[in-house]
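Per-entry structural report
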Amino acid sequence: MIIYYIMEDQKYTIFDFLREEQVSENVIKGIQEYRKMYPSSESDSKRMVAPRWMYYGTEIWEQAASILLCGCNLLLVGAKATGKNVLAENLALAFGRPYWNVSFHINMDASFMIGTDTFEDSRVVFRQGPVYKAASCGGFCILDEVNMARNEALAVLHSMLDYRRIMDIPGYDIIRVHEASRFIATMNYGYAGTRELNEALSSRFAVVRLPVISEMNLKKLLENEFPTLRVKALEQFAGLFNDLQAKSQNAEISGRAVDLRGLLDALTLMHRGLKPALALKTGITNKCFDEYEAALVNDVVAMRIPENLECSRIFSD
């Protein structure tokens, strides 16, 4: 199954995108051969969802795709706004696989991931969890913020993630991981509730560190998301995000304001007609709950975006 995007009245696939990003042809050929070896079925289509955004970054694409082509599990590590989940969804799309997302929290247990007993037609049956489904049908399983779960909950995955690629469910059966299945974990140190990743678990992953989005790639993202964004406005908003990143790296403000989703939300609000100053407060400034920090962020915004700026000077439509 190939998912198409419509761009300028032409069909545009993930492989066109990868070539535009100058990803190695060897990597692209490897992905295409993988798709031929493991073709998707009609039943997979409902779980093959086109991602909201594309991930920009040639080296990261080549590293991540090569790891998956080798049959290894992938761990994506990076700070907020580096695109860990976006890349994971992009990889599932590129490899043409259905995917399941498991968002971890402190109370996550094995029964949620693997499955548990339930009643159906007055009898006890096994309800399959997302990890079970992904492993059995050749899907991609995205383990989101894997370091937020208790180590004892993740220990059940050890035999599934190493060379054995099996899991024994007492009273039921052995899960044999499909050859096409891949596990992609994401993690971010510093969030409330995170902990050190179990060494036994971390050794089962190849690790890719995602960098902060570059100014060039940020511009690509904004251009793709908002085609009518004027050139001057593009420079202003890309510069604003870089200014906030620099302030955060220098410990002048926290990372709350360095919110790429917030910037995209603010531009969406502007496109709907909300004044830019109010939109940026909603998407960025108001996420800083400390008044002093909010004032600092507001000053950074004001340096790039004038208070009286109108939406007509941002978008050409």
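All figures in this text were calculated on a predicted structure; none of them were measured in a lab. (Residues numbered from 1 in each chain as written. Predicted model: local features only at pLDDT ≥ 70, side-chain atom pairs only at ≥ 80, totals over all residues. Heavy atoms only, no water.)

Details of the pattern of salt bridges
Scanning all chains against the criterion turns up 10 salt bridges. When the shortest N-O distance is used, the salt bridge between Glu235 and Lys219 registers 2.9 Å. Of this pair, Glu235 sits in helix α11 (residues 231-249) while Lys219 sits in helix α10 (residues 215-225); the two residues are 16 residues apart in sequence, bridging distant segments of the chain. Here Glu252 makes a salt bridge to Lys247, at a shortest N to O gap of 3.0 Å. It is possible to trace a salt-bridge network through shared partners that takes in Asp162, Arg164 and Arg204. (Salt bridge = Lys/Arg side-chain N within 4 Å of Asp/Glu carboxyl O. Helix = DSSP H or I, 4+ residues; strand = E, 2+ residues; numbered from the N terminus.)

Focus: the sheet that holds strand β11 (residues 205-209)
With parallel pairing, the 5 strands of this open sheet are ordered in space as β4-β7-β10-β3-β11. Looking at which strands have only one partner, the edges of the open sheet turn out to be β4 (99-103) and β11. If you compare each strand with its neighbour and ignore which way they point, the axes differ by 20° on average. Note that strand β3 (residues 73-77) and β11 share 5 bridges and pair parallel. Paired with Leu76 across the two strands is Val208, which belongs to β11. (Pairing = 2+ DSSP bridges. Axes fitted to C-alpha atoms, helices over the stretch in contact; angles between N-to-C directions.)

Considering the packing of α11 against helix α14 (residues 291-304)
The contact between α11 and α14 brings their axes to 9 Å, and the two run at 150°. For the element pair α11 / α14, the angle class is roughly antiparallel. The crossing of α11 and α14 is right-handed. The segment α11 lies against α14, with Glu235, Gln236, Gly239, Leu240, Asp243, Leu244 and Lys247 engaging Val297, Val300, Val301 and Arg304. Residue composition of the contact of α11 with α14, by class: 5 nonpolar, 2 polar and 4 charged. (Parallel < 35°, antiparallel > 145°, perpendicular 65-115°, else oblique. Left-handed = near helix turned anticlockwise from the far one by under 90°. Contact = heavy atoms within 4.5 Å. Nonpolar A, V, L, I, M, F, W, Y, C, P; charged D, E, K, R; others polar.)

A few points about the layout of surface pockets
Its boundaries defined by the atoms lining it, the largest pocket holds a volume of some 670 Å³. If you go around the largest pocket, you meet 35 residues; those closest to its centre are Tyr55, Ala81, Thr82, Gly83 and Lys84. For the lining of the largest pocket, the secondary structure elements donating two or more residues are α3 (58-69), α4 (84-94), α10 and α12 (260-271). For the lining of the largest pocket, the residue count by class is 15 nonpolar, 9 polar and 11 charged. (1 Å grid on protein atoms, 1.4 Å probe; cavity = no way out; pocket = protein on both sides within 12 Å on 5 of 7 lines; lining within 4 Å. Points joined across faces, edges and corners; volume = space filled by probe spheres on them.)

Some words on the packing of aromatic side chains
One pass over the full model with this rule turns up 6 aromatic pairs. Ring geometry for Phe17 and Tyr56: centres 5.4 Å apart, planes at 70°, overall edge-to-face. Here Phe17 is found in helix α1 (residues 14-20), whereas its partner Tyr56 is found in the loop between α2 (25-37) and α3, with 39 residues between them in sequence. Neither Phe17 nor Tyr56 differs from the other in exposure class; each is buried. Here Phe95 and Phe140 contribute two aromatic rings whose centre-to-centre distance is 5.7 Å and whose plane-to-plane angle is 45°, an arrangement assigned as tilted. (Phe/Tyr/Trp six-rings, centres within 6.5 Å; stacked < 30°, edge-to-face > 60°. Buried < 20%, exposed > 50% of the residue type's maximum accessible area, 1.4 Å probe, protein only.)

Describing the packing of α3 against α4
To characterise two packed helices, one gives the angle between the axes of the helices and the distance between these axes. Across the interface, α3 lies against α4 with an axial gap of 11 Å and an inter-helix angle of 60°. The pairing of α3 with α4 is recorded here as oblique in orientation. Viewed along their axes, α3 and α4 form a crossing whose handedness is right-handed. Facing Ile60, Trp61, Ala64, Ala65 and Leu68 of α3, the residues of α4 in contact are Leu87, Asn90, Leu91 and Ala94. Here the contact of α3 with α4 is built from residues that sort into 8 nonpolar, 1 polar and no charged.

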